[in-house]
Amino acid sequence: MNGLDDLRTTLETHAADVAQGDTTVRRTAIHHRIGVVRRRRRVVASGAVAAVVAVVGAVSLLPGDDAAGPDAAAPSVFGVDVPREIDSLGFPYDYQDHSAGEGRTTLELGDSDRPRLISWGTSTADRVEVAVGEGDAPQVFDGSDFTDWTYLAPGDAVEVTARVADGSVALAVYTLGEGRPDGVTADGVTFRATRAGSPLLGATIGEPGQNDIVVEPTERADRVFYAYYCAGGPADAWVTVETGSGGFAQGACDGSVPVDPAALGGIGSRVLPEESMTTRLYVTDGEDGPRVESDTLRIGLGVYADPAGRDVGDGVRLAGTVEHGGHTWRLVDTVVPALDPDGAVVQVPDREERMIALVTSLRTRQTLVSYAVDGDQSSGTQSVGGGTFTVDLPVDAQEVAFERRGGAPLSDRAAVGFGFYVRAD
């Protein structure tokens, strides 16, 4: 690696992620499995709609709700077939249950050790507000019935609510199935063969209790992306990823074991021509302590090729293609504004498609920075020294800000670039 500016932590952060105890509920859109056939909405007489929906605010289980699992026949609501299966980047999710209501409906979901997806459809309107968890601010989605999803990580019971301004709304829940995409798979973890269109160069999934693993990539790349995880370690465990020219530490080891580590983000870095591609991940008792000894420790490391991206000015590079929330996104617009000591504000492009923004900063030193959408500073995600925020933009967002939240004012050397992306899948 060639200095701090070549080592950037990708913070795959949702604008409204919700933590519930030890469970983080990530609300992200998941793309539709190819080959799922869905009937177009057809006109339904008001009496027929009344037969399948509940009173305002109530939960209504539609025909087939007592059946669950991949063998259950998915129902039809408002004249639209609910897909039996959807997937996130090759991971299949099977239909389990659904509910509907007039103006509002709620799904009460129990504990789950597998991730789940929530999808929705309406009788009259395409704009839906979806809230996950108690006290959660809703996200607003536009689009056709059951063509977008929100992701729920494994964890405790949770309540999901959908609202529409007019007519009826339905929610459907899906649970992770058994199929896995090509790649390296062991113990319920898969490092996919590709990430954002770039190949996996090598991966190792440690045995339970293993505290040190090595990946020896089969090919070279000018830039690489390190996707990794550590779970089940003690409170003072310290994770280090060591490359051919040094290493970097990432702190805690108390997360859960992911199904798809590449979807959680990671670290991108340049690889010098003389640098070895061999990469090691190990866990120590504290930053400088001995290796952790724990039967519950779980670690894994994947090394992907990572295209250099587009140089948009001031040393800022933005990837042409990214993954976020189970979708693939392509870059459609960039802005590199002049920074004042407290940050910068840019306008969101006027496009009909749902968008995300990547806000990439460099050389922010000891300044604590974050982002805001239309003045909303509710995001608790912050960073020091530079990094990338990934922001889910509401359908009617007007402005995105890069803001100083603490520490010294931004220096003259600091830079920030805004990239706006639309779905490519």
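Not measured: the values here are computed from a predicted model.

Participant: Tell me about the overall build of the protein, residues and numbers included.
Facilitator: The helix and strand tally for the protein stands at one helix and 34 strands. When burial is assessed residue by residue, the protein has 52% of its 425 residues classed as buried. The contacts in the protein between residues at least 6 apart in sequence include a share of 77% that link residues at least 24 apart. Only carbon and sulfur atoms are counted for the fraction: they give 46% of the accessible area of the protein, which is about 18,400 Å².

Participant: Residues and numbers for the packing of aromatic side chains, please.
Facilitator: Evaluated as defined, the whole model comprises four aromatic pairs. Ring centres of Y95 and Y174 lie 6.0 Å apart, and the angle between their planes is 70°; on these two criteria the pair is classed as edge-to-face. Taken together, the residues Y95 in strand β7 (residues 91–109) and Y174 in strand β12 (residues 158–176) connect sequence positions 79 residues apart. Note on Y371 and F389: the rings are 5.4 Å apart at their centroids and 55° apart in plane angle, and the pair reads as tilted. One end of the pair, Y371, is in strand β30 (residues 368–373); the other, F389, is in strand β32 (residues 386–392), with 18 residues separating them in the sequence. Each member of the pair, Y371 as well as F389, carries the same accessibility label: buried. In this structure, R195 packs its charged tip against the face of F225, placed 3.5 Å from the ring centre. In this structure, R291 packs its charged tip against the face of Y282, placed 4.0 Å from the ring centre.

Participant: Which residues make up unusual backbone geometry, and what are the values?
Facilitator: At F78, a residue that is not glycine, the phi angle is positive and equals roughly 55°. Along the chain, the position of F78 falls in the loop between β4 (76–77) and β5 (80–81). Despite not being glycine, A196 shows a phi value in the positive range, around 50°. Its location among the elements puts A196 in the loop between β15 (194–195) and β16 (198–205). Look at A196 and you get buried, because its relative accessible area is 16%.

Participant: Describe the environment of A397, listing the residues and the values that go with them.
Facilitator: Among the secondary structure elements, A397 is positioned in the loop between β32 and β33 (399–406). A sequence separation of 23 residues divides A397 from D374, and the C-alpha atoms of the two residues are 6.5 Å apart. Leave out the neighbours within four places in its chain, and A397 touches V348, V373 and D374.

Participant: Account for a negative patch on the surface, naming residues and giving values.
Facilitator: Taken together, the side chains of D374, D376, D396 and E399 present a region of like negative charge at the surface. The exposure class of D374 is partly exposed, given its relative accessible area of 39%.

Participant: How would you sum up the environment of D314? Please name residues and give values.
Facilitator: Relative to the elements of secondary structure, D314 occurs in the loop between β24 (310–313) and β25 (316–318). Between the alpha carbons of D314 and A338 there is a distance of 10.0 Å; along the sequence they are 24 residues apart. With residues near it in sequence (within four places) discarded, D314 still touches V336, L362, R363 and A415.

Participant: Before we move on, can you summarise the nonpolar core with the specific residues and values?
Facilitator: Formed by 24 residues in total, the largest nonpolar core has its most connected members in V224, Y228, L281 and V283. Going through the elements one at a time, β17 (212–215), β18 (223–231), β19 (237–243), β22 (279–285) and β23 (298–305) are the ones with two or more residues in this core. For Y228, the contacting residues outside a window of four places in its chain are V239, V241, Q250, I267, L281, G300 and L301. Grouped together as the second largest cluster of nonpolar side chains are 20 residues, V346, F389, A414 and V422 included.

Participant: Describe the sheet that holds β30, listing the residues and the values that go with them.
Facilitator: Sheet architecture is open: four strands sit in the order β28-β33-β30-β31, paired in antiparallel fashion. Two strands close off the open sheet at either side, each with one partner strand: β28 (343–347) and β31 (383–384). Here five bridges tie β28 to β33, and the two strands are oriented antiparallel to one another. Its bridge partner being in β33, Q347 is matched across the sheet by E399.

Participant: Just give me the short version of the pattern of salt bridges, but keep the residues and values in it.
Facilitator: Oppositely charged side chains may form a pair once their charged atoms are brought near each other. Considering all chains together, one arrives at ten salt bridges under this definition. Measuring nitrogen to oxygen at the nearest pair gives 3.3 Å for the salt bridge that ties D148 to R354. Residue D148 is located in the loop between β10 (139–141) and β11 (149–152), and its partner R354 is located in the loop between β28 and β29 (355–362); the two are separated by 206 residues in the primary sequence. Each of the two residues, D148 as well as R354, counts as buried. Sharing partners across several salt bridges, the network here consists of R192, D260 and E323.

Participant: I'd love a proper account of the state of the cysteines, names of residues and values included.
Facilitator: What is meant by a disulfide is a covalent connection between two cysteines, made through their sulfur atoms. The tally for this structure, following the rule as stated, stands at one disulfide. Across a sulfur-sulfur distance of 1.7 Å, C230 and C253 are joined as a disulfide pair. Taking the sign of the S-S torsion, about -75° here, the bridge from C230 to C253 comes out left-handed. Residue C230 is located in strand β18, and its partner C253 is located in the loop between β20 (246–251) and β21 (267–270); the two are separated by 23 residues in the primary sequence. An identical accessibility class is assigned to C230 and C253; each is buried.

Participant: Quick one: what's the story with the pairing of β23, residue by residue and with numbers?
Facilitator: Most of β23 sits inside the fold, with eight of its eight residues counted as buried. Here β23 shows a buried face lined by R298, G300, G302 and Y304 and a second buried face lined by I299, L301, V303 and A305. Across five bridges, the pairing between β16 and β23 is antiparallel. When the sheet's bridge partners are listed, A203 is paired in β23 with G302. Two strands pair when backbone bridges link them, and β18 and β23 are joined in this way by eight bridges, in the antiparallel orientation. Within β23, the residue paired with C230 across the bridge is I299.

Conventions and cut-offs
- Residues numbered from 1 in each chain as written.
- Predicted model: local features only at pLDDT ≥ 70, side-chain atom pairs only at ≥ 80, totals over all residues.
- Heavy atoms only, no water.
- Helix = DSSP H or I, 4+ residues; strand = E, 2+ residues; numbered from the N terminus.
- Buried < 20%, exposed > 50% of the residue type's maximum accessible area, 1.4 Å probe, protein only.
- Contact = heavy atoms within 4.5 Å.
- Areas by Shrake-Rupley, 256 points an atom, 1.4 Å probe, with all protein chains shown as cover.
- Phe/Tyr/Trp six-rings, centres within 6.5 Å; stacked < 30°, edge-to-face > 60°.
- Lys NZ or Arg CZ within 6 Å of the ring centre and 35° of its normal.
- Patch = residues over 30% accessible without salt bridge, like charges linked within 9 Å, V, L, I, M, F, W, Y side chains within 5 Å.
- Salt bridge = Lys/Arg side-chain N within 4 Å of Asp/Glu carboxyl O.
- Lys, Arg positive; Asp, Glu negative; His and termini not counted.
- Charge placed at Lys NZ, Arg CZ, Asp CG, Glu CD.
- Core = buried A, V, L, I, M, F, W, Y, C linked by side-chain atoms within 4.5 Å.
- Pairing = 2+ DSSP bridges.
- Disulfide = S-S within 2.5 Å.

Keep in mind that these numbers describe shape and distance, not what the molecule does.
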